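Each chain is listed here by its residues.
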2 protein chains.
Amino acid sequence: MKIALLCIGDELVTGQVVNSNSAFIASSLLDHGLRVSSHTVTGDSEKEIVDAVNFLAAGNDIVIATGGLGPTADDVTSAAVAKATGNPLEENRHALAHIRETVFRRNLLYSTSADDKQAFLPAGSAIIRNPVGTASGFYLAHHGCRLFFLPGVPAEMELMLHESVIPCIKEIYGGKNTIRTARFNIFGLSEPETDEMLSGIANHEKGLFLCICVIFPWIRITLRAESGSEEEADNLLRQASETVREQLGGWIFSEDEISMEEKIAELFTRSGLTLSLAESCTGGMIAERLTSVPGSSAWFLEGRVTYSNAAKIRQLGVPEELLERYGAVSCEVAEAMAVGIRVRSVSDLSIAVTGIAGPSGGSAGKPVGTVFISLADSEGCRTECFSFSGSREKIRVMSTWKGMDWLRRYLLNLHA
Amino acid sequence: MKIALLCIGDELVTGQVVNSNSAFIASSLLDHGLRVSSHTVTGDSEKEIVDAVNFLAAGNDIVIATGGLGPTADDVTSAAVAKATGNPLEENRHALAHIRETVFRRNLLYSTSADDKQAFLPAGSAIIRNPVGTASGFYLAHHGCRLFFLPGVPAEMELMLHESVIPCIKEIYGGKNTIRTARFNIFGLSEPETDEMLSGIANHEKGLFLCICVIFPWIRITLRAESGSEEEADNLLRQASETVREQLGGWIFSEDEISMEEKIAELFTRSGLTLSLAESCTGGMIAERLTSVPGSSAWFLEGRVTYSNAAKIRQLGVPEELLERYGAVSCEVAEAMAVGIRVRSVSDLSIAVTGIAGPSGGSAGKPVGTVFISLADSEGCRTECFSFSGSREKIRVMSTWKGMDWLRRYLLNLHA
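Residues numbered from 1 in each chain as written. Chains lettered and ligands numbered in written order. Predicted model: local features only at pLDDT ≥ 70, side-chain atom pairs only at ≥ 80, totals over all residues. Heavy atoms only, no water.

1. Describing the domain arrangement of chain A
All names here are of chain A.
- According to the domain assignment, chain A contains domain 1 (3–172), domain 2 (178–255) and domain 3 (260–411).
- Distance between the C-alpha centres of domain 1 and domain 2: 33 Å.
- In this complex, domain 1 contributes five residues to the contact, which on the side of domain 2 involves six residues.
- Taken together, both faces of the contact between domain 1 and domain 2 bury some 450 Å²; the carbon and sulfur share is 45%.
- Counting the surface domain 1 buries against domain 2, the share from its top three residues, Leu30, Asp31 and Gly33, is 76%.
- At the junction of domain 1 and domain 2, the tally comes to one salt bridge.
- The partner of Asp31 in a salt bridge is Arg183, and the shortest N-O contact between them spans 3.0 Å.
- Viewed at the interface, domain 2 and domain 1 are joined by two residue pairs in polar contact (both at pLDDT 80 or more). (Domains from an automatic or database assignment. Contact = heavy atoms within 4.5 Å. Buried area = accessible area lost by both parts, 1.4 Å probe. Salt bridge = Lys/Arg side-chain N within 4 Å of Asp/Glu carboxyl O. Polar contact = N/O pair within 3.5 Å; in protein donor to acceptor, adjacent residues only side chain to side chain.)

Okay, structure coming up:
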């Protein structure tokens, strides 16, 4: 089965906006064992859309298109599809009812001319329900190809893809095979290291596939099991997942869609412990990440971004003598920062980070990328020194992740 | 002139990596007055690449392709192009010399079989110099279409596009016109408001083009002047830029590629003033953004993320009575936070943010999205209350930007 994607929009084709819809759709389909063979992007021009629809319909079994279904004059997808397929536009009463209901429910101002335009679809289309917006999607067959049209707004498109399009494609084509997927998120290993540790797990003949994807600074591993029997697919996935867990152990920070910060939030909530932070070179990035999780106020007491020496002395009680003798980027100062913030905030745990993010400020003994991270608890304080490379932003992100991963390992009693 | 882009790679077509190369190329070309009409993405399959090259060459004047030029077995672009164009692969001595020189210069291990593969290009190709990597790009004409092939690594592709491909295209087609562009970055207006304020500036007949692009939460405006005479292009752009500056005034936070945080850093450095921050719902996001600018330690003294009431009381001196009487999200507490951090850090200016980022924690009187921002200086403290909508992340980002924009306006003596 051949599947093509078509994304429609002037903002995409001129490069004003990066096209993330295609990657979302292709990767969601792959989770169901469906491989996309091409993506096409075209502008909001009726002629270009007509050409693209005709070309793609001729060479594919399925086309999933996004964009150009809105109420404004430059949204011409429906008209172009009408022309390409020879099915004239007609008012679709389901689409119209949906628009009126959505507008009513949200207390929006009703604009007859603009909104009703969205109810005109090529004759013979079946509508695809949009649970969040006014524009319905639509489906129709043309020359043996099945065409799905969705809005370009990611939040609408993503829901409609998962609720309607994928189940429909699976019903038509994928009925025979059961597909099961599992995700493992790891931090601290390189791509070749991961690849080597997982070698021999994939087995395409048996229907077991492995995908390693680097999303700096972490790596996402996807396992996919395909089989004619549900039990067999479950077994394949279970066994392979066990092997991945055995091989990677503590390098796995979470499974499925759970982020590092969500995992840490879960562990803090379960442990009943509290946290405080003292950040220098990361400038608040650890606090920002951890507080992005709803409910973090229950365990995250306080963070301080002590950029100047004066702030380190006054706000964290770092002895001036230490700063003079060892410098702000040193094991001694990192420890004094961690202990200082822990005492002042009366938290169970604390993390402190001090380093040289660059691009200037490095020296022969302490080059750019030198970062000290300290963790303090009731029993004392431990410090590690890291050498990161890359841009200022990369060094800050790596420092943030090393600090977060240390917290995770501490709460799980894993050695770093 | 019709231009198409072709991006080649399994990681792109399966959605494991978002395709940002297309947007970069399209937007770079637009800055030179060259509009792309379509993007295509295909996997690392020889047959699919052959089909795509033939189809795109038949319908376009120029095709710019990226990816699949590396040394590994799945890099098959050159072989596919050889097949599509009927120009068999042959060793290109310029490409070979480049590989050997790059490997030697970087002290890399030389792998004859893998690296030399990159020297085999379709007969009759002209090489495109790669200033940073081993893989040369190549150019050839086919059925009247000019084909450019570049590596997929963004750092290599971007340099080669600007150093070789764009000058070459301009020499062939655009030699007559001079193109000048200007960028204005604005915050605080909606897209329709911006559109209305700039109506009448674009004049396609005169060669003046305007592009408004929303990059949440700010908007980028690009002006492009095209003319047969250099002087005329400069004049067109200068006049239009003046009109944009007059119309948008203080809404413009920077021009060209300067970010909001870089602008603020510049203003602080120039003023000699210092800053401290007290953040609750933004969780350190303002500190993180401002310290992303190298050299920010000169004016950024300190930030505190006071998430708990206890931290607000102990670390900022917010009176317990205020918290009980008005709640942590209130004008009174925001002011006490701003004044508290300013006194404690001995800074000239301070900003405090407290709000309800959601998804829970809202009430009828203070719904999710209610955010108070206070600015304190030697003369006192002012507070504003905002109602933001959207996700937790959107509310945090909007609060961060409102706070940063307020700092910018303060330092420029502009009214908010």
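2. Examining the pairing of strand β11 (residues 218–227) of chain B
Residues and elements named next belong to chain B.
- Counting buried positions over the ten residues of β11 gives ten, a clear majority of the element.
- Burial of the side chains of β11 extends over both faces: Trp218, Arg220, Thr222, Arg224 and Glu226 are buried on one face and Ile219, Ile221, Leu223, Ala225 and Ser227 on the other.
- Pairing analysis gives nine bridges linking strand β9 (residues 178–186) to β11, with the strands arranged antiparallel. Bridging across to β11, Arg183 finds its partner in Thr222.
- Sheet topology note: the strand β10 (residues 208–215)/β11 ladder contains eight bridges and is antiparallel. Paired with Leu210 across the bridge in β11 is Leu223. (Buried < 20%, exposed > 50% of the residue type's maximum accessible area, 1.4 Å probe, protein only. Helix = DSSP H or I, 4+ residues; strand = E, 2+ residues; numbered from the N terminus. Pairing = 2+ DSSP bridges.)

3. Observations regarding the packing of aromatic side chains
- Under the defined criterion, the tally for this structure stands at 19 aromatic pairs over all chains.
- Between Phe138 of chain B and Phe149 of chain B, the aromatic rings sit 4.8 Å apart at their centres with planes inclined by 20°, giving stacked as the arrangement. Residue Phe138 of chain B is found in strand β7 (residues 137–142), and its partner Phe149 of chain B is found in strand β8 (residues 145–150); the two are separated by eleven residues along the sequence. By the burial criterion, Phe138 of chain B is buried, and Phe149 of chain B matches it.
- The interplanar angle of 45° and the centroid separation of 4.9 Å between the aromatic rings of Tyr139 of chain B and Phe148 of chain B together place this pair among those described as tilted. Accessibility classification places Tyr139 of chain B together with Phe148 of chain B in one group, the buried group.
- Among the aromatic residues, those joined into a cluster by ring pairs are Phe187, Trp218, Phe253 and Trp401 of chain A. (Phe/Tyr/Trp six-rings, centres within 6.5 Å; stacked < 30°, edge-to-face > 60°.)

4. Examining the pairing of strand β13 (residues 275–279) of chain B
Residues and elements named next belong to chain B.
- With five of five residues buried, β13 is to be regarded as a mostly interior element.
- Here β13 shows two buried faces, one formed by Leu275, Leu277 and Glu279 and the other by Ser276 and Ala278.
- With five bridges joining them, β13 and strand β14 (residues 300–306) adopt parallel strand pairing. When the bridges of β14 are listed, Ala278 appears paired with Arg304.

5. Section: unusual backbone geometry
Residue and element names in this part refer to chain A.
- The omega torsion of the bond from Gly358 to Pro359 falls at 5°, within 30 degrees of zero and hence cis.
- With respect to the helices, strands and loops of the structure, Pro359 is situated in the loop between β15 (349–355) and β16 (370–377).
- Unusually for a residue other than glycine, Asp256 sits at a positive phi of about 55°.
- One can find Asp256 in the loop between β12 (252–255) and α10 (260–271).
- A relative accessible area of 48% means that Asp256 is categorised as partly exposed.

6. Let's talk about the interface of chain A and chain B
- Taken together, the contact between chain A and chain B spans 61 residues of the former and 61 residues of the latter.
- Between chain A and chain B lies a buried interface of about 4,600 Å² when both sides are counted; carbon and sulfur atoms form 52% of it.
- Considering only the surface of chain A that becomes buried against chain B, Gln16, His39 and Tyr307 of chain A emerge as the three largest contributors, covering 13% of it.
- Summed over the shared surface of chain A and chain B, the result is six salt bridges.
- Taken together, chain A and chain B are joined by 37 residue pairs in polar contact (both at pLDDT 80 or more).
- In terms of residue class, the side of chain A that touches chain B is built from 23 nonpolar, 25 polar and 13 charged.
- Inspection of the sheet shows strand β14 (residues 300–306) of chain A paired to β14 of chain B by five bridges, in the antiparallel sense. Residue pairing for β14 of chain B: Gly303 of chain A is matched across the bridge by Val305 of chain B. (Nonpolar A, V, L, I, M, F, W, Y, C, P; charged D, E, K, R; others polar.)

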